[in-house]
Amino acid sequence: MIHSLFLINHTGDIFLEKHWKSVIGRSVCDYFFEAREKAVEPENVPPVLQTPHHYLISIYRGKLFFLSVIQTEVPPLFVIEFLHRVADTIQDYFGECSEGVIKDNVVTVYELLEEMLDNGFPLATESNVLKEMIRPPTILRSVVNTLTGASNVGDTLPTGQLSNVPWRRVGVKYTNNEAYFDVIEEIDAILDKSGTTVFAEIQGVIEACVRLTGMPDLTLSFMNPRLLDDVSFHPCVRFKRWESERVLSFIPPDGNFTLMNYHVSSQNLVAIPVYVKQSISFFETGPCGRLDITIGPKQTMGKTVEGLMVTIHMPKAVLSANLTATQGTYTYDLATKVLVWDIGKLNPQKLPNLKGSLTTQAGTPKPEDNPSLNIDLKIQQLAISGLKVSRLDMYGEKYKPFKGVKYLTKAGKFQVRT
Amino acid sequence: PLLSGSFRSNGVQPAGAGTCVQSNLEVVPAALTVPYVVSTTLRVSNNPVCLSVLRNEDLKEMLESNKESLKLEAMKRVVGLIAKGKNSSELFPAVVKNVASKNIELKKLVYVYLVRYAEEQQDLALLSISTFQRALKDPNQFIRASALRVLSSIRVPIIVPIMMLAIKEAAADLSPYVRKTSAHAIQKLYSLDPEQKEQLIEVIEKLLKDKSTLVAGSVVMAFEEVCPDRIDLIHKNYRKLCNLLVDVEEWGQVVIISMLTRYARTQFTSPWKEGAIFDENNDKTFYESDSEEKKEQTEAKPYIMDPDHRLLLRNTKPLLQSRNTAVVMSVAQLYWHLAPKHEVNIVTKSLVRLLRSHREVQYIVLQNIATMSIQRKGMFEPYMKSFYVRSTDATHIKTLKLEILTNLANEANISTILREFQTYVKSQDKAFAAATIQAIGRCATNISEVTDTCLNGLVLLLSNRDETVVAESVVVIKKLLQTQPTQHSEIIKHMAKLFDNITVPMARASILWLMGEYCERVPKIAPDVLRKMAKTFTAEEDIVKLQTVNLAAKLYLTNSKQTKLLTQYILNLGKYDQNYDIRDRTRFIRQLIVPNEKSGALNKYARRILLAPKPAPVLESAFKDRDRFQLGTLSHSLNVKAAGYQELSDWPAVAPDQSVRNVEVIEPVRVQPPHTEEESSEESDKTSSDSGKSSSGSEKSSSESEAEQKKKKKTKKAPLKKNKLTAGDRYGEVPPARQLCVQMFPVSLSSSRVCVSHSQQLIDCGGLFRVSLQVTTPSFGPVKTYELLHHMTGKGLSAKYHFPRQPCLYQPSMVAVQVILTNSSDHSLEEIHIGDRSPASLNIHCFNTIERLEPEASVTVSMGIDFSDSTQAANFQLCTKEDQFSVSIQPAVGELLMPSTMTEEDFSKEQGKLLGMNETSATITMATANTSSQAIGKQVLSVANVGVVSSSQNNVHRFAGRTVSSGAVVLVSLEQKESCAALLTINTEKSVMASMLLRDLKQALAQA
């Protein structure tokens, strides 16, 4: 399936290569570089490319390209999903997925890649199985290893590999047994000029951090599970229980993981927490324009809106911005033409406003269209869909764990057209 | 300290900075500049994996030292070099020496190196082979597996026979992990030497029978690679694969689903025949011709879906909820290609969900939705807004969304879509704006109601400031005008006015073509345009020149008075143009329109040739013909047939024989339970699948047998229903594997662990005694159920138990017991659990507390009891929230055994060791009904959980087992004398057990 993998940084250097079958020369990447050149932006490179003898499937993550070489028919999503899993694993092991980190840990990364695929077919992709085979580096361990000559590589088959709960290792022990769940909802919305909702939906995710001893069997139930329109689960969740009782029953992986993703049907009215009054205009005469943006609370369910931020991709012709903000600070990046207004907490008594003039390049025609506003915000202790966890039960172990649920609403792809 | 020493000696310290640079230059490609090298050297000099600082010489020295840590350090550097793609092949001899190292990390790094360079250094690579051959026999399954992985990855043709042997052995390994590795090795060997195909197919066939979820995905992958056309190998495994699917790891699921899609298309008949009602598009689908052929047949016989077809659809459906996008996509394509039309809709939601995922995922999913939405608008129409474009999307995502929106457009939603398109046209991304204009054009042709609106909108765009937008509008307007030219001379005039300002060649060419085509509608303007063109002709692009020549010719024919000279001028210019296309065209046109003696017969028809009415172009989706590829494939994504693409065949007109998928009963000494016919056939299905499962040391068997139990109860409860069981019901009854897992979770979980240690143990002792002893499949006799608690004494709670004869999941020394708890009272019982036990030392693995048992409900739980090889009853208390009931389980002596297989030879050998005091024998009289060897087997197995030893003598029957707790060997042999008399001998060191067993067997065999 996957023949080779090349890691390429944003300047186009190949800094790691791995072959699972016979070696393929680097020259195959030239086709990719060609496409990369053509695409201008790295995001615009088509993920699937054809070359005379090979097929190239790539992902772009953390300013790196993961480029895999394929020789025969394979579902492209299979490869894409796997490449993202590689990036996830690297992130999981070293805290981030960047060129520097990979270069510093090149041997561990190589060992990981070796275990993750056999002959191009995924062998072990569960993070905790991998961690039993190749322990993630810690300072303490590397000191101990140099002193004792012990190694980071396990010599027995990870228990998870054979069991039908490959996501959990056996013999987990904690002195403090805790299970935390974060219900995070993102509002995806497009508002038009007049402020009416063109499209809005809620995407939710439940992130869990479970540190429990032994083999606990958990059941998480909701007050209003009917809200959830479409769901996808971590493999640990028993689908049949969900089908019949609408509860999440699972033996959790150890540590952090995404328990489920859900979608709240767009048929339900989605509460839009803020409104935006804006006017951006460019004058026919003279190289300038005006900008005036005010943001106010709309449906916030009595909670405070925090972390408010507005990002505007200005037309290329805009040279500079001379603005005043009643609250927060703004920056305008001349190279990328991005205006960022970092507002912070939204005070309903005194609405934040950003006002001033824009200078455009003299001689160029006035920009055709107005840029759209991307809004970021956060509301603590609120799941905007109204979803509530009713209880968490544990079976299979005797101790009483500490349990906690946190709610958070964020703006996802929240766009205001102007 | 050692390390830093080595650094110093190798000149990394400042003193040796010069040498550093030098040594670097040997390995660093010339493209890198010297300053760069220096900077990395300085930066990494403190880094444990600093790579290129050391010379190969130094690495060699380190590898040959006798310090493990130095070797490891050197190997890390070497692997670093490999990762960077630098050549380190000259270290091969030094590296390969370390292949037998005790240090596991060092060993693994050597493996990495070997796999990379073995192909180049074949002779040296052979030195390592013996190490792997030894490792293949290692008691540690992980070592065995990695040895096979590396051995099979060494691409040296000379070792093909060794690989073949290793694969065959590993395919029969006890550890499913090793078997999985062997499935991978099959593909490697096949690519190294395709000659081995036949032998490899045999191994694949064997592995396909494997019941382990771990192996399933890998072996199907091997099947796809080596022999995808041998569909016959799948028949017998089809149902098993369907049932295992939910529990296979996610990558395996993708492969299996795509294989089963192909399989189903060859084996089942089309579910779409009567599907015309669901085809809301009403246009001819590409299967139409197919369905017409069979119309008569359809009318004669209504379509009934093959139960196996249904099984596949049902068992894949839950996977739509997978977190793995590839799995979701593969289920979606399966439904698309296999499900009845009205069922396909269930995949919509999941596909739309994937649009939240990474950009690359979106790209592939949108491509597939684009293809689907052409045929089935209705599927995605409710989710139309999910395809709205955001300014932050990547260009290829935007274009795909636009494509889908256009496909979804119909009379009802067109106004919404056009409003949305208006926003897009203004986008800063001009390529996208141009694509939007094309999309508007497509909407306008497809939906006649809005053609005028669109046209007016596009005309407005002609005054847009951006050139690409204007150009694209012109091209699209041209196409639209062709559909109804009569009404639009105004627009043509408008475009003529704009002509001077438009510079994009394609747009200019389009306007010129329009002028020529409809020159009679704009008689005054057209000649003027031609005049202008004559002035600028030489400076125009080729495409514009060609259209100018065309325009001239058309005008010459319709209005020669005004344009004769202009035309001749242009033709003269064209005659000497640099482009041969234009010269050719000019020559051709001149001959065609200007009459002279040389011109042939065509001259007469010039008008009819040039001004023939032309059909309007059809604006089609770029995804129109993508449906020739299976969805979700690479070929579909590229719209080109990729290497190794397997065509999806059309449905067969008549379904091939269904019975090929029936699984025969393989169990040699299976005893038919005395049930009704229907039930037993149902069970035989189950049993055979069970037997395989337990042999692979898997966890499923216990859960399966429990399901069996449940089913039995069900049939008892509803005896009326029993007769109505059709084939469909039969499948309906089989609970999907995941459900079983849910019920049995704690059990199955630990089972796998036990199995591992179990097999481990066996291998160990195998190494010591060289006697091949194995735990065999439990024999399936009729299960005797005993009463544990009567509902009268239990205040409504009743309990029954039986011995499932499985290796116990909790501890190998325990006997597995299954207890069925039923609530016969009218209120629900809470907190059912096990309380005090006596003797207190009794080792019991309790079942988990049952929180609540509703009235009339029953639940089966598993427990393990260590009887310590005695028939002493295990007493314990069964408690509910309110009450406690003392109960006891007294095992029959035969239940304290577990079967073991051995050859006749081993049997005699073992028997030889257990003579004298350890032998108990008696002459018994058997009932006449029991004299056949099958009947004897049945009776013995009903009493004791032992395994059959194949016998070369007809009149001697041998059975072997071990006690569960201490593992003492128990051998039973029965020598038939004349008529009904027989000599029954039991050899074991547990003499008490022997006499009890003897008594039980005697009794059983005497019974009819």
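Residues numbered from 1 in each chain as written. Chains lettered and ligands numbered in written order. Predicted model: local features only at pLDDT ≥ 70, side-chain atom pairs only at ≥ 80, totals over all residues. Heavy atoms only, no water.

Chain B goes by AP-3 complex subunit beta in an unreviewed UniProt entry, where it is assigned to Sparus aurata. Per UniProt, chain B carries the Sequence similarities (unreviewed entry) text "Belongs to the adaptor complexes large subunit family." (UniProt positions renumbered as here; feature names shortened; annotations may be inferred.)

Per an unreviewed UniProt entry, chain A is named AP-3 complex subunit mu-1, and its organism is Sparus aurata. Of chain A, the UniProt comment under Function (unreviewed entry) reads exactly: "Part of the AP-3 complex, an adaptor-related complex which is not clathrin-associated. The complex is associated with the Golgi region as well as more peripheral structures. It facilitates the budding of vesicles from the Golgi membrane and may be directly involved in trafficking to lysosomes." UniProt's Sequence similarities (unreviewed entry) comment on chain A is quoted here verbatim: "Belongs to the adaptor complexes medium subunit family."

Student: Before we move on, can you summarise the overall build of chain B with the specific residues and values?
Tutor: Tallying secondary structure elements over chain B gives 44 helices and 16 strands in all. Within chain B, the fraction of its 1008 residues that count as buried is 58%. Partitioning the contacts of chain B with sequence separation of at least 6, the portion at a separation of at least 24 is 67%. Summing over all exposed atoms, chain B offers an accessible surface of approximately 43000 Å²; the carbon and sulfur share of this is 52%. (Helix = DSSP H or I, 4+ residues; strand = E, 2+ residues; numbered from the N terminus. Buried < 20%, exposed > 50% of the residue type's maximum accessible area, 1.4 Å probe, protein only. Contact = heavy atoms within 4.5 Å. Areas by Shrake-Rupley, 256 points an atom, 1.4 Å probe, with all protein chains shown as cover.)

Student: Any details on the interface of chain B and chain A? Residues and values, ideally.
Tutor: Across the boundary between the two partners, chain B contributes 107 residues, which contact 108 residues of chain A. Summing both partners gives a buried area of about 9600 Å² for chain B against chain A, and 58% of it is carried by carbon and sulfur. On inspection of chain B and its partner chain A, the count reaches twelve salt bridges. Inspection of the chain B/chain A interface yields 40 residue pairs in polar contact (both at pLDDT 80 or more). (Buried area = accessible area lost by both parts, 1.4 Å probe. Salt bridge = Lys/Arg side-chain N within 4 Å of Asp/Glu carboxyl O. Polar contact = N/O pair within 3.5 Å; in protein donor to acceptor, adjacent residues only side chain to side chain.)

Student: Run through helix 4 (residues 106-116) of chain A, naming residues and quoting values.
Tutor: Within helix 4 of chain A, eleven of the eleven residues are buried, which leaves it mostly tucked inside the rest of the structure. Looking at helix 4 of chain A, one finds that the buried residues are Val106, Val107, Thr108, Val109, Tyr110, Glu111, Leu112, Leu113, Glu114, Glu115 and Met116 of chain A.

Student: An account of the packing of aromatic side chains is requested, with residue identities and associated values reported.
Tutor: Overall, the coordinates contain 26 aromatic pairs over all chains when judged by the stated rule. Centroid distance tyrosine 60 of chain A to phenylalanine 65 of chain A: 4.6 Å. Interplanar angle 45 degrees. Geometry classified as tilted. Phenylalanine 65 of chain A matches tyrosine 60 of chain A in its accessibility class, with the two residues each being buried. A centroid spacing of 5.5 Å and a plane angle of 80 degrees characterise the contact between phenylalanine 629 of chain B and tyrosine 645 of chain B, whose relative ring orientation is edge-to-face. With a gap of 16 residues between them, phenylalanine 629 of chain B in the loop between helix 35 (606-610) and helix 36 (634-638) and tyrosine 645 of chain B in the loop between helix 36 and helix 37 (677-695) connect regions that are remote in the sequence. Both residues of the pair, phenylalanine 629 of chain B and tyrosine 645 of chain B, belong to the buried class. Chaining the aromatic ring pairs together yields one cluster made of Phe32, Phe33, Tyr60 and Phe65 of chain A. Its guanidinium or amino end placed over the ring of tryptophan 272 of chain B, lysine 341 of chain B lies 4.2 Å from that ring's centre, counting from NZ or CZ. (Phe/Tyr/Trp six-rings, centres within 6.5 Å; stacked < 30°, edge-to-face > 60°. Lys NZ or Arg CZ within 6 Å of the ring centre and 35° of its normal.)

Student: Tell me about unusual backbone geometry, and please be specific about residues and values.
Tutor: With a phi angle near 60 degrees, lysine 63 of chain A is a residue other than glycine that sits in the positive phi range. Topologically, lysine 63 of chain A is positioned in the loop between strand 4 (55-61) and strand 5 (64-70). Exposure remark for lysine 63 of chain A: the relative accessible area of 57% places this residue in the exposed category. Phi angles above zero are rare outside glycine, and lysine 795 of chain B is one such case at about 50 degrees. On the secondary structure map, lysine 795 of chain B appears in the loop between strand 2 (785-789) and strand 3 (797-802). Judged by relative accessible area, lysine 795 of chain B falls into the exposed class, the value being 52%.

Student: Describe the nonpolar core, and please don't skip the residues or the numbers.
Tutor: The tendency in soluble globular proteins is for nonpolar side chains to be buried side by side. Formed by 263 residues in total, the largest nonpolar core has its most connected members in Leu16 and Phe66 of chain A together with Leu351, Phe387, Phe421 and Ile593 of chain B. Per element, the largest residue contribution to this core is eleven residues, and it comes from helix 2 (residues 76-94) of chain A. What leucine 16 of chain A contacts, discounting residues up to four positions off in sequence, is Leu5, Phe6, Leu7, Ile102, Val106, Val109, Tyr110 and Leu113 of chain A together with Ala83 of chain B. Counting residues in each nonpolar core, the second largest holds 72 residues, with Phe239, Phe257, Leu259 and Phe414 of chain A among its members. (Core = buried A, V, L, I, M, F, W, Y, C linked by side-chain atoms within 4.5 Å.)

Student: Before we move on, could you go through the pattern of salt bridges and cite the residues and values that matter?
Tutor: Residue and element names in this part refer to chain B. Taken as a whole and assessed by the stated rule, the structure comprises 58 salt bridges over all chains. For glutamate 249, the salt bridge is made with lysine 180, and the minimal N-O distance between the two is 3.6 Å. You can see glutamate 249 sitting in the loop between helix 15 (238-244) and helix 16 (250-267) and its partner lysine 180 sitting in helix 11 (residues 176-192), a full 69 residues away along the chain. Exposure remark for glutamate 249: the relative accessible area of 22% places this residue in the partly exposed category. The closest approach of N and O atoms between aspartate 500 and lysine 532, which form a salt bridge, is 3.2 Å. Residue aspartate 500 is found in the loop between helix 29 (489-498) and helix 30 (505-517), and its partner lysine 532 is found in helix 31 (residues 525-536); the two are separated by 32 residues along the sequence.

Student: Describe the pairing of strand 14 (residues 956-963) of chain B, naming the residues involved and giving the relevant values.
Tutor: Residues and elements named next belong to chain B. Counting buried positions over the eight residues of strand 14 gives seven, a clear majority of the element. Across three bridges, strand 11 (residues 897-901) lies against strand 14 in antiparallel orientation. In the sheet register, proline 899 faces strand 14, and the bridge partner there is glycine 961. Examined bridge by bridge, strand 14 and strand 15 (residues 969-976) share seven bridges and lie antiparallel to one another. Note that in strand 15 the partner of glycine 961 across the bridge is valine 970. Count of turn residues in the strand 14/strand 15 antiparallel hairpin: five residues, of which glycine 967 carries a positive phi of about 75 degrees. (Pairing = 2+ DSSP bridges.)

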